Amino acid sequence: MMEVNGLHSSEIEQNNCFSVGEGLRIHNSLTGNKDLFVTRDGSKLVTWYICGPTVYDSSHLGHARTYVTFDIIRRILERYFDYGVIYVMNVTDVDDKIINKARRNYLLEKYVSQTYEVQKVISDLRDAFQEEKSSQDQKVQGSLKAYEEAPSSRRKDELLKKIKEEQSKHQKICDLEVLYKGREAQACSLTNKAGGELLLSDGISDVLASYLDRKEGASVTDLAIYRAHAAKYEEEFWEDMQSLDVEPPMFLTRVTEYMDVIKDYVQRIVDRGFAYEANGSIYFDTKAFQEAGHKYGKLNPSAVGSQELASESESNFDSGEKKNSCDFALWKASKDGEPFWESPWGKGRPGWHIECSAMASNVIGNYMDIHSGGVDLQFPHHDNELAQAEAYYGCFQWVNYFMHSGHLAIDGLKMSKSLKNFITIREVLRKYSARSIRFLFVNHPWDKPMNFHESVMSAAISMEKKFDNFFMSVKDVIRKMDADGRNYIMRMKHCQKWAKEEKELLCALVNAKNQVGKCLRDNFDTPGALQALLSLTGAVKSHIDKVSKDELVPERIMEAANYVTFILSVFGLSSTYGSETTLGSESVEALVTPFIDAASSLRDEVRTAAREGPTKEKLMQICDKFRDYTMVDLGVRVEDAASSSAWGLCPAETLRIERDEKLQKAKEATIQSLLSKIDNKTRDIEKLQQPEVTAKEFFANLTAKYNGYDERGFPTQDADGKPLSKKAQKDAEKLFEKKKKEQEKYEKMLAADPSLVEKLQSEVQALRKQLESFEN
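Read on for an overview of the structure. (Residues numbered from 1 in each chain as written. Predicted model: local features only at pLDDT ≥ 70, side-chain atom pairs only at ≥ 80, totals over all residues. Heavy atoms only, no water.)

When helices and strands are tallied, the protein shows 27 helices and 18 strands. What you see for the protein is a C-alpha radius of gyration of 35 Å, clearly larger than the 28 Å of a compact globule of 776 residues, by over 25%. Once the C-alpha set of the protein is aligned to its principal axes, its extents read approximately 100 × 85 × 60 Å. Here the protein, with 776 residues, has 46% of them falling under the buried criterion. At a minimum sequence separation of 6, the contacts of the protein that also span at least 24 residues come to 74%. (Helix = DSSP H or I, 4+ residues; strand = E, 2+ residues; numbered from the N terminus. Rg over C-alpha atoms; globule rule 2.2 N^0.38 Å. Buried < 20%, exposed > 50% of the residue type's maximum accessible area, 1.4 Å probe, protein only. Contact = heavy atoms within 4.5 Å.)

Taken together, the side chains of Phe595, Trp647 and Leu649 define a hydrophobic patch exposed on the protein surface, amounting to about 250 Å² of accessible area. What makes Phe595 partly exposed here is its relative accessible area of 33%. (Patch = residues over 30% accessible without salt bridge, like charges linked within 9 Å, V, L, I, M, F, W, Y side chains within 5 Å. Areas by Shrake-Rupley, 256 points an atom, 1.4 Å probe, with all protein chains shown as cover. Salt bridge = Lys/Arg side-chain N within 4 Å of Asp/Glu carboxyl O.)

This brings us to the sheet that holds strand 6 (residues 84–91). Reading across the sheet, the 5 strands line up as 7-6-5-12-13 and stay open at both edges, with parallel pairing between neighbours. In this open sheet, the two edge strands, each paired with only one partner strand, are strand 7 (251–254) and strand 13 (399–405). Averaged over all adjacent pairs, the angle separating strand axes in this sheet is 20°, with direction ignored. The pairing of strand 12 (residues 368–374) with strand 13 spans 6 bridges and is classified as parallel. Directly across from Gly373, in strand 13, lies its bridge partner His404. (Pairing = 2+ DSSP bridges. Axes fitted to C-alpha atoms, helices over the stretch in contact; angles between N-to-C directions.)

Another point: the pairing of strand 9 (residues 281–284). Here strand 9 shows two buried faces, one formed by Ser281 and Tyr283 and the other by Ile282 and Phe284. Of the pairings in the sheet, the one linking strand 8 (residues 275–278) to strand 9 comprises 4 bridges and is antiparallel in character. Residue pairing for strand 9: Tyr276 is matched across the bridge by Tyr283. Taking the residues that link successive antiparallel strands as the turn, the strand 8-strand 9 hairpin has 2 residues, and the phi of Asn279 there is positive, at about 55°. Bridge analysis of strand 9 against strand 10 (residues 328–333) gives 3 bridges, and the strand direction is antiparallel. Its bridge partner lying in strand 10, Ile282 is registered against Trp331.

A word on the environment of Phe566. If you trace the backbone, Phe566 turns up in helix 21 (residues 554–570). As a C-alpha pair, Phe566 and Glu661 span 95 residues in sequence and 30 Å in three-dimensional space. Sequence-distant contacts of Phe566, defined by excluding residues within four places in its chain, comprise Arg79 and Tyr80.

This model, assessed by the stated rule, comprises 52 salt bridges. Asp628 is the salt-bridge partner of Arg627, the closest N and O atoms lying 2.8 Å from each other. Residue classification places Arg627 among the partly exposed positions, given a relative accessible area of 23%. What makes Asp628 partly exposed here is its relative accessible area of 25%. A salt bridge links Lys681 to Glu763, with the nearest nitrogen and oxygen atoms 2.8 Å apart. With Lys681 in helix 24 (residues 652–689) and Glu763 in helix 27 (residues 756–775), this pair connects stretches of sequence that are 82 residues apart. When salt bridges with common partners are traced through the structure, they connect Asp71, Arg75, Arg79, Asp245, Glu247 and Arg438 into a single cluster.

With that settled, the discussion passes to unusual backbone geometry. If a residue is not glycine, its phi is most likely negative; likewise, a peptide bond is most likely trans. The linkage connecting Phe379 with the following residue, Pro380, adopts the cis geometry, with an omega of 10°. Within the secondary structure layout, Pro380 lies in helix 14 (residues 378–393). Despite not being glycine, Asp245 has its phi angle at roughly 60°, a positive value. Mapping Asp245 onto the fold places it in the loop between helix 9 (223–243) and strand 7. The partly exposed category is assigned to Asp245, whose relative accessible area is 41%. Although it is not a glycine, Asp411 adopts a positive phi angle of roughly 50°. Relative to the assigned elements, Asp411 resides in the loop between strand 14 (408–410) and strand 15 (413–414).

For the rest of this paragraph, the subject is the nonpolar core. By size, the foremost hydrophobic cluster in this structure holds 84 residues, and its most contacted members are Leu244, Phe452, Phe524 and Phe571. The element that contributes the greatest number of residues to this core is helix 17 (residues 454–480), accounting for 10 residues. In this view, Phe524 contacts Leu24, Ile26, Ile73, Ile76, Leu77, Phe81, Met403, Trp446 and Cys519; residues no more than four positions away in its chain are not counted. Core analysis: the next-biggest nonpolar cluster, separate from the first, contains 43 residues, Phe328, Trp331, Trp345 and Val399 among them. (Core = buried A, V, L, I, M, F, W, Y, C linked by side-chain atoms within 4.5 Å.)

Turning our attention to the sheet that holds strand 11 (residues 348–350). What the 4 strands build is an open sheet, ordered 8-9-10-11; its pairing is antiparallel. Taken across any chain shown, the strands that pair with only one partner, and hence form the sheet edges, are strand 8 and strand 11. Within the sheet, the average angular offset between the axes of one strand and its neighbour, ignoring direction, is 25°.

What follows is about the packing of helix 17 against helix 20 (residues 526–546). It is at 11 Å that the axes of helix 17 and helix 20 come closest, and there the two elements cross at 35°. Crossing geometry of helix 17 relative to helix 20 is assigned as left-handed. In contact with Met463, Lys466, Phe467, Asn469, Phe470, Ser473, Val474 and Val477 of helix 17, helix 20 contributes Leu530, Gln531, Leu533, Leu534, Thr537, Val540, Lys541 and Ile544. (Left-handed = near helix turned anticlockwise from the far one by under 90°.)

For the rest of this paragraph, the subject is a negative patch on the surface. Residues Glu692, Glu737, Glu744 and Glu747 make up a contiguous surface patch of negative charge. Summarising the element assignment, Glu747 is placed in helix 26 (residues 726–752). Owing to a relative accessible area of 44%, Glu747 belongs among the partly exposed residues under this scheme. (Lys, Arg positive; Asp, Glu negative; His and termini not counted. Charge placed at Lys NZ, Arg CZ, Asp CG, Glu CD.)

This part covers the environment of Asp376. Locating Asp376 in the fold gives a position in the loop between strand 12 and helix 14. It is 7.3 Å that separates the C-alpha atoms of Asp376 and His407, two residues lying 31 residues apart in sequence.

A separate point is the packing of aromatic side chains. Scanning the entire structure with this criterion turns up 22 aromatic pairs. Taking 5.6 Å as the distance between ring centres and 80° as the angle between the ring planes, the aromatic pair formed by Phe37 and Tyr83 counts as edge-to-face. Separated by 46 residues along the polypeptide, Phe37 in the loop between strand 4 (33–36) and strand 5 (45–50) and Tyr83 in the loop between helix 2 (61–80) and strand 6 bring together distant segments of the chain. You can call Tyr83 buried: its relative accessible area is 14%. Relative to Phe70, the ring of Trp48 lies with its centre 6.0 Å away and its plane at 85°, an arrangement referred to as edge-to-face. With Trp48 in strand 5 and Phe70 in helix 2, the pair connects residues that are 22 residues apart, well separated along the chain. You can call Trp48 buried: its relative accessible area is 0%. (Phe/Tyr/Trp six-rings, centres within 6.5 Å; stacked < 30°, edge-to-face > 60°.)

Its 13 residues place the ends of helix 10 (residues 259–271) 18 Å apart at the C-alpha level, agreeing with the 18 Å of an ideal helix rising 1.5 Å per residue. The complete set of buried residues in helix 10 reads Met259, Ile262, Lys263, Tyr265, Val266 and Ile269. All buried residues of helix 10 project into a common sector of 160° when viewed along the axis, lining one side. Exposed side of helix 10, more than 90 degrees from the buried face: Asp260, Asp264 and Asp271 are the residues found there. (Expected span 1.5 Å × (residues − 1). Arc of directions from axis to C-beta.)

Structure, rendered in C-alpha cells:
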C-alpha cells in the first residue's frame, strides 16, 4: 500500500486529501456562462487587452476596483496556473471629457491670474449663474418634452431617469448660487485675492469655468494645453497604481501616439463598406454591419437602441447627421476650441470606441484571448469595439473571453460628486493601507457588484489581521524552537516522528491545496481560496496548541506557513515569495542594522531617564513610544501580554494606519471629554451669576406650554388657552420648586466660596487652551 511520509493511502482517501483537477473556467460576458478557458492555440501564452483610464481627473475607488481586481487575476494566471500573459492597456488621452476639463481649467486659471477685483468676480458670477440656470433649465424642459413624445415605454423609462438627473443638476446650480450670494458681503470685507478665493471655492468655480468656456472656449487651440492636462492625470494614475501595488502592463498604448494607426483602421472600415462620411466625420454603419450577417450588441443586446447609453461618448458632438440612431462616430470633425489631427476627411479626432479596436489590433492582432474592463463599459464601448474589429478583419469573433468586473457602489449609491460620495484613490489610501484594500477585493467575487462601506472594509482588515497573527504565532514558535528557516540543520535536531497530529496537519495542508485549486479553477474564486487558507491556519494553530514543544515537528508547521505565504503572494498580498517565516537573502548586516540602531536609541533614552531618576510612568512612556513608533516604522507589530510580549512582521504602512486610528479615537474621546467639562462648568457659571427668578419670570419663558397666569405668576391655562387640570397645576408648581432648590444650591456654593465664579472661569479658560492644543 502506498505511503506518503508514513500516511497510508487509505487514510488519505478517507480524509479526502487529494482530488482530481479540473480545467479553469471563467465567467465570459459573451456567453453569460462559466466557460472552459482555452487559449487560441492551446499554448500557455495568453493575449489580454484591458481598457485603461480616460485621464481627465483623479482616479477614484471604482478604478481601484477594476485595476486591482484584474491585477489579482493576472497574477493568478501567471503565478498559479503558469501562463505567460501579454497584458496590454490603453490610456485615453484625447476625449470629450479631457477637452472640456482642460479647456475650462485653462480659462479659469487665466481668469484668476488676471482678475483681482472682488466686484468683478461678483459681477461675472451673477452672469454665469444666470446663464447656467437658463441652459440647464432648457435641458430639463427638453427632456420633459422628449418624455411626452417618447414612442415606447422603454424610451420613457430612459427619459425619466434623464429628467431626474437634469433636475438634480439644476438644483445643484441653485444651491451653489445661494452659497455664493451668502458669501458676497464677507468677500467684500476681505482683500481682493482672499475675497476672490472665498467666492470661487466649494464648486462655485465650476459654474464660472463653464461660463468662460461658452464665451472664450473657441479661442483655446493650443494642443499642448490638452496634452499637459492629460499627462498630469496620467502620471497621477500611475502613481496610484504603484501605491496599490498593481503591476504595470507589458504594453501601454496611448491614443495620441497611435493616431496614424487609428486613421488607417478607420479607412479600412470605410473601404469595406461598414462606415460612411458626413460633413468631415465618419460613422459606423450598424445597419450594413448587421445586413452582412454580423450581430451588433453581443454583450448587452437589450441596450441596443438606448439613446442615452449610445450618446455617452458623443455628448459634446452633434451626431444628427447619422443614418440611424444606433450608428456611432469613428472620426469626429473638429470644432473650434478642440485639438485636431489632419486626416483624409479633414481636421478631426478619433471617436472613443475606435481607439481600443485599432490599438489592440496593432499590438495583439486579429484575435485575442481576453478583453476586460468595468461592467459599465459593456455597452456601448465594448460592443462597438467588437463591431469595429469584426468589420475591419471580416471575422465574426475577435475576442474569445470578455471579463467585466462588478460595479462598485458607495453605501448603496452610485459614486457621484453631486452626492458627495466621490472617493479618490488617494483619499482612500490616507485611511486604509493598499494591502487592506487588496484584501477587500480578494475577499469579494471579482464579477459581482460590490457595496463599499465601513463594515466591509472592517471585515477585510479583520481578515488581514488573522493572517498577520497566524504568521506572528508561527514565527514565535519557530524562534523559540531555534529552528529558523535559514538553517535546516537546527530543525533536523527536533523530533521528526510522525504521530497522529502530524498526519492530521498534513491532511489539512493537502486539503487546503486542493480546495484552493478548486476555487481558483472555478472563475478565480478568491474569497473561497482565502477561506481555505484560514482553515489551514486554524489547523496549524490547533496543532501548536495540542502538541508539546518537545514533540513539535517544525518542518510541518513551516510547510503550511510557506504554502499560505505562496498563495497570498500570488494574490499580491505578500511580497515574500519564499515564506513569511524566513528572513530572506539579504546580508545579515543589512537586515539587522535598523533594528540594532533602534535598540541602541532605546538604550540611550533609558540611560538618560535613569540619570534623571526615572519614574514608573516615564519608563512606561519610553516603552510605549518604542512599541508604537520605532517598531511600527520598522514594520514590527508588538503585542503586550501580562508578563511578556509577542511580535511579528507586518507592513509599516498598515501598522501606522492602525496606530493613527487608535490615536485619533483617543484624541476624539479627549476632545469630547473636554467639551463636556467646558459645557458643565459654563452652565455652572451661568447659574451662579443668574439673579433670583420669580414665578412670573420663570413661567414667562415657557409660553410654548402655558398662556394664562394667576396673581402669583403661576400658570392657569395651557398654550391653547384651555384651563389647566389640578394635576397640571401641581406639576407646574413642582417645576418651579425644582428651580428654586437649584437656585438655593448655587447660592450656598457661592456663599461658601465668593470667588467660585472666577475660579470656574479660570478652569474653563484652561480647558479651552487644552482643547485648542488638541484641535490644532
